[in-house]
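Report on the structure
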Amino acid sequence: MQSFFKLIRWKNLLMIALVQYLIKYALLLPFTESHGVMTSLDHFHFALLVLSTMCIAAGGYVINDIYDLTTDAINKPEKIIINRQISEKNGFTIFMVLNIIGVVLGFYLANHVGKSALFVVFFAASALLYIYASALKQMLLVGNIVVSVVIALSILTIGIFELFPIMNANNKSVQILFFNIIRDYAIFAFAINLVREIIKDIEDIDGDHKAGMNTLPIAIGRERANKVAFIVVLLTLFSVIYYVITYLFTQQLVIGYFLILVIAPLIYVCIKIFNAEHKGQYNHISQILKLIMLTGMLSLALYKFVI
């Protein structure tokens, strides 16, 4: 059982669930009376939406580990689970079961809100994660972008299912306003994850090279890949500063939060990326980026002081 939870990256899944619950209960529900925000899902069906997302994400982690056996044997042999604690055959079974549960729940929820076409969100996420692991991961930047899009989609899905099905002429402006907030957080998640993907590729360059992959650092070299990651972080930093100045400038508490827990760590990452050379340094940067993702998303709880 312990091996199973490690395989599905239970900590990452909890983070996904936390972010989704923050959007529902910290961003949307507190403004149902004051701003007239309307949501489509009750508590039970929202829990099913979170479960569906977690199942599809967990399946993505499993299939990624299966296809990464060769590179992981070089880059992180101590963390390999497939063919040690869990057989490859059982791994595929787990992947299939998780995806079937996730996609079936998605189909049910799409019909529950009266928008059956929304089922494509779950099917697309599941398909993209499989294609990423089996083929796209080996392609220059394409895999990095695809997995970052799926991360962003896990955030956008809440807005898509909660706000759009119940939108009408009377509440359209409010629903779109709150969807745009969710969209901005999805863009933030996309950018942070894209940098993490590049950093992890630099960290894993030796194993990826031996496996014949064509990742960014293999194609252009470690130093140039460092510069690309630095530029993406810098653009993210400037975007966050712009967002705070434009939308949150009247709230000192919120400004202080972003300065200490988002902007300062991003500046730290910029410095570290610029000087990074060794595997351990890239791993440290990756962990800091994950922390920034968490603190950035936790800021959703502050919107009751802003709006």
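Provided above is the structure to which this section pertains.
Because the structure is predicted, anything quoted here is derived from the model rather than measured.

Rules and cut-offs
Residues numbered from 1 in each chain as written. Predicted model: local features only at pLDDT ≥ 70, side-chain atom pairs only at ≥ 80, totals over all residues. Heavy atoms only, no water. Patch = residues over 30% accessible without salt bridge, like charges linked within 9 Å, V, L, I, M, F, W, Y side chains within 5 Å. Areas by Shrake-Rupley, 256 points an atom, 1.4 Å probe, with all protein chains shown as cover. Salt bridge = Lys/Arg side-chain N within 4 Å of Asp/Glu carboxyl O. Helix = DSSP H or I, 4+ residues; strand = E, 2+ residues; numbered from the N terminus. Core = buried A, V, L, I, M, F, W, Y, C linked by side-chain atoms within 4.5 Å. Buried < 20%, exposed > 50% of the residue type's maximum accessible area, 1.4 Å probe, protein only. Contact = heavy atoms within 4.5 Å. Axes fitted to C-alpha atoms, helices over the stretch in contact; angles between N-to-C directions. Parallel < 35°, antiparallel > 145°, perpendicular 65-115°, else oblique. Left-handed = near helix turned anticlockwise from the far one by under 90°. Phe/Tyr/Trp six-rings, centres within 6.5 Å; stacked < 30°, edge-to-face > 60°.

**Side note on a nonpolar patch on the surface**
Together, Met1, Phe5, Trp10 and Leu14 make up a nonpolar patch on the protein surface, roughly 450 Å² of accessible area in all. With respect to the helices and strands, Trp10 occurs in helix α2 (residues 10-28).

**Structural notes on unusual backbone geometry**
What you tend to see is this: most non-glycine residues have negative phi, and most peptide bonds are trans. Not every positive phi belongs to a glycine, and Arg9 is a case in point at roughly 55°. The topology assignment puts Arg9 in the loop between α1 (2-7) and α2.

**Topic: the nonpolar core**
Among the nonpolar cores identified, the biggest contains 78 residues, and Ile23, Leu27, Phe161, Phe178, Ile199 and Phe258 are the most heavily contacted of them. In terms of residue count, helix α8 (residues 172-203) provides more of this core than any other element does, 15 residues in total. With residues up to four places along the chain from it excluded, the contact list for Phe161 reads Ser40, Leu41, Leu49, Leu109, Ala110, Val113, Leu118 and Phe122. Core analysis: the second largest hydrophobic core is formed by 19 residues, Ala58, Val62, Ile80 and Ile82 among them.

**Quick word on the packing of helix α12 (residues 252-275) against helix α13 (residues 279-298)**
One way to put it is that α12 packs onto α13 with a least axis distance of 10 Å and a crossing angle of 160°. Our classification of the angle between α12 and α13 gives roughly antiparallel. Crossing of α12 against α13: the hand is left-handed. From α12, Tyr257, Leu261, Val262, Pro265, Leu266, Tyr268, Val269, Lys272, Ile273 and Asn275 reach across to α13, where they touch Gln281, His284, Ile285, Ile288, Leu289, Ile292, Thr295, Gly296 and Leu298.

**Focus: the side chain of Thr215**
Structurally, Thr215 can be placed in the loop between α9 (205-210) and α10 (216-220). Residue contacts for Thr215: discarding those within four places in its chain leaves Lys137, Gln138, Leu140, Asp201 and Asp208.

**Some words on the pattern of salt bridges**
As enumerated under the stated definition, the model contains five salt bridges in all. The salt bridge involving Arg9 is made with Asp65; its shortest N-O contact spans 2.7 Å. Placement of the pair is Arg9 in the loop between α1 and α2 and Asp65 in helix α3 (residues 43-67), with a sequence separation of 56 residues. Residue Lys200 pairs with Glu197 through a salt bridge whose shortest N-O separation is 3.3 Å. Of the two residues, Lys200 and Glu197 both sit in helix α8, three residues apart, roughly one turn of that helix. The partly exposed category is assigned to Lys200, whose relative accessible area is 28%.

**Things to note about the packing of aromatic side chains**
Given two aromatic rings, their pairing is described by the distance between the two centres and the angle made by the two planes. Enumeration according to the criterion identifies 15 aromatic pairs in this entry. These aromatic residues form a ring-pair network of at least three members: Tyr21, Tyr25 and Phe46.

**Some details on the environment of Ala219**
In this structure, Ala219 sits in helix α10. Classification of Ala219 by relative accessible area gives partly exposed; the value is 41%. Those residues in contact with Ala219 that lie beyond four places of it in its chain are Leu140 and Asn214.

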